[in-house]
Amino acid sequence: KILILDFGSQYTQLIARSIRELNIYCEIQPCTKPVQYEANLKGIILSGSPFSVNDATAPKPDIKAMADHLPVLGVCYGAQLIAQQSGGEVGKSTHREYGRAHLQSIISDPLLATINEGSQVWMSHSDSVKHLPEGFTVIAKTESIPVAAYKAKADYAKNAVYGIQFHPEVTHSTDGKQLLKNFVVDVCGAKQDWTPATFIQETVQRIKDQVGNGKVVMALSGGVDSTVAATLISRAVGENLYCIFVDNGLLRKNEFEQVLDGYKHLGLNTKGIDARERFYTELAGVTDPEKKRKIIGRLFIDVFHDEAIKIQDVHFLGQGTIYPDVIESVSVHGPSVTIKSHHNVGGLPEIMHMDLVEPLRFLFKDEVRRVGRELGIDQMFLGRHPFPGPGLGIRILGAVSEDKVQMLQEADAIYTQALRDHDLYDKVWQAGAILLPVQSVGVMGDERTYEFTVALRAVTSVDGMTADWAHLPHSFLAKVSNDIINQVKGINRVVYDISSKPPATIEWE
Ligand code: XMP
């Protein structure tokens, strides 16, 4: 295992993903937490940071003490911190360096093995190392930076210590992955044996140890995470896993039946609950997006709870929590404001008073998919676009009613099927239709119409944090618009959303 100490850089998760791609397990931990030197820990990487090492409030754990246990690689801030703590000098660069640079004067060293002169690296910093501590060696520079990479002197600590000013985790650093591999494999001696197959084996065993002969209850959503998590738990406890899938009346067309059927094929013991009426009744007339979210979240918990307590002696609650949900972030600006209360089922663990079983707690989304593939889960689950917990409830702007849900389900089904038919579904990150509370005049045959508008949304993204609107072909949009207006009663206008995130968000509410 490799430990990544996070100093608040926007790139920290990218470092972790790059290490995981080498089939080496790693974890991210805030730099303010003490390091636990477990036997399987092989090395430490220090991330970049929005702080300057010269800020009074900058986080400064003792790096030399860490290097007496394990090899250390400091990236950007990490490199500056090591240098400063050992008598070097860090100061503002004459100009802020952002973008591509090229390595020069590379000195033969295990960290830079097979990396050639001129290799492109990505810089993003305003400080740099002005003077290295005595005995430290520059192993590469760039045109504007005299210390692009350095190595600490041999007797600095018990293990090798390196600092690099550039960001190897960013794809623009052409040999960045090679450098990280040189560090974790050759310098630290980590083994590249963390694969979906070994993850499954270890995780199933861990769940067996945790749960024994106990029973686990779990809410499924039809999404990738809960499906993969449930499959892993079921491998460990078999029939002792009780899954519950709630129809909140806000799912896509035919989704309830299709997903239940898919679960059956996966061998998951799943009970489908039709709770549509309860949701429609409580949502009637409610227009505020946050109020809608709260109602949907609370009702979901109520329905799930009512079902779960019917099962005798359950002590465990399964959840599809993934790594980005649990990484503790290091923030310079204090807590951020709530834009949307996304954790619509976040209250479940507190209410259920059960021990949590969270097999995906340390996986990134793409790793969940890889594990799912290894488990033989159908592409219909693994390839699905993300779908918000409150479902169509937040895609019907304003008050939700059963007839509006049906209207939107039809439009959404036409749009989704067309994306699949035109090989576009897998090329966008997420797509969906939104029903606007706007009526406008149209003409059909000789008749005047006064009906609703549907907005189509499709975005490209990596993680949903930022997104660009997808440039879908005009001919495709023309066909979808035509089909929706002709086939869905109540809709006479279709528009396409060309806003990116930020400043817009993916969902409209
Ligand atoms: P936004 O709209 O914030 O969405 O750009 C980012 C991603 O999160 C999904 N989303 C939600 N997921 N509960 C969820 O489970 C919610 O309340 C919620 N709101 C948005 C959205 O679909 C997108 O994938």
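Residues numbered from 1 in each chain as written. Predicted model: local features only at pLDDT ≥ 70, side-chain atom pairs only at ≥ 80, totals over all residues.

Thoughts on the overall build of the chain
Right, on to step 1. Counting its secondary structure elements, the chain contains 15 helices and 18 strands.
Right, on to step 2. If one aligns the C-alpha atoms of the chain with their principal axes, the spans along those axes are about 85 × 60 × 40 Å.
Right, on to step 3. Taking the contacts inside the chain whose residues are at least 6 apart along the sequence as the reference set, 76% of them involve residues at least 24 apart. (Helix = DSSP H or I, 4+ residues; strand = E, 2+ residues; numbered from the N terminus. Contact = placed C-beta atoms within 7 Å.)

Notes on helix 14 (residues 402–421)
Right, on to step 1. In a regular helix each residue adds 1.5 Å, so 20 residues correspond to 28 Å; helix 14 covers 28 Å between its end C-alpha atoms and thus fits that length.
Right, on to step 2. V405, M407, L408, Q409, A411, D412, I414, Y415, A418 and L419 are the residues of helix 14 that are buried.
Right, on to step 3. Of the surrounding secondary structure, the elements contacted by the buried residues of helix 14 are strand 15 (430–444), strand 16 (447–461), helix 15 (474–487) and strand 18 (491–496).
Right, on to step 4. Note on helix 14: the residue one or two positions beyond its end, D423, has a positive phi of about 55°. (Expected span 1.5 Å × (residues − 1). Buried ≥ 20, exposed ≤ 12 C-beta atoms within 10 Å, placed from the backbone.)

Observations concerning the domain arrangement of the chain
Right, on to step 1. Per the domain assignment, the segments making up the chain are domain 1 (2–187), domain 2 (196–382) and domain 3 (403–496).
Right, on to step 2. Computed from C-alpha atoms alone, the centre-to-centre distance between domain 1 and domain 2 is 38 Å.
Right, on to step 3. Between domain 1 and domain 2, the residue contacts involve eleven residues of the former and eight residues of the latter.
Right, on to step 4. Going through the elements one at a time, helix 1 (12–21) and strand 2 (26–30) are the ones with two or more residues in the side of domain 1 that touches domain 2.
Right, on to step 5. Among the elements that take part in the side of domain 1 that touches domain 2, strand 2 stands out by supplying three residues, more than any other.
Right, on to step 6. Grouping the constituent residues of the side of domain 1 that touches domain 2 by class yields six nonpolar, one polar and four charged. (Domains from an automatic or database assignment. Nonpolar A, V, L, I, M, F, W, Y, C, P; charged D, E, K, R; others polar.)

Observations regarding the packing of helix 6 (residues 224–237) against helix 12 (residues 365–374)
Between two packed helices, the angle of one axis relative to the other and the distance separating the axes together describe the packing.
Right, on to step 1. Running from amino to carboxyl end, helix 6 crosses helix 12 at an angle of 45°, the nearest separation of the two axes being 10 Å. One finds that helix 6 runs oblique with respect to helix 12. Where helix 6 crosses over helix 12, the two elements pack in a sense that is left-handed. Here helix 6 contributes V224, D225 and V228 to the contact with helix 12, which in turn contributes V368, R369, V371 and G372.
Right, on to step 2. When the residues that make up the contact of helix 6 with helix 12 are grouped by side-chain class, the tally is four nonpolar, one polar and two charged. (Axes fitted to C-alpha atoms, helices over the stretch in contact; angles between N-to-C directions. Parallel < 35°, antiparallel > 145°, perpendicular 65-115°, else oblique. Left-handed = near helix turned anticlockwise from the far one by under 90°.)

Thoughts on the sheet that holds strand 7 (residues 137–140)
Right, on to step 1. Across the sheet, seven strands lie side by side as 2-1-3-4-9-8-7; this open sheet has mixed pairing. Single-partner strands in this sheet number two, and they are strand 2 and strand 7. Sheet twist, expressed as the mean angle between neighbouring strand axes with direction ignored, is 20°.
Right, on to step 2. Pairing of strand 8 (residues 149–151) with strand 9 (residues 161–164) involves three bridges; the strand directions are antiparallel. Across the sheet, K151 pairs through a bridge with Y162, a residue of strand 9.
Right, on to step 3. Across the sheet, helix 4 (residues 176–187) is in contact with strand 1 (2–6), strand 3 (43–46), strand 4 (72–75) and strand 9; its angle to strand 3 comes to roughly 155°. (Pairing = 2+ DSSP bridges.)

What to know about the environment of L5
Right, on to step 1. You can see L5 is positioned in strand 1.
Right, on to step 2. A tally of 24 C-beta atoms within 10 Å means that L5 is categorised as buried.
Right, on to step 3. The spacing of L5 and A455 is 450 residues in sequence and 43 Å in space, taken between C-alpha atoms.
Right, on to step 4. If sequence neighbours within four positions are ignored, L5 has contacts with Q29, C31, I44, L46 and S47.

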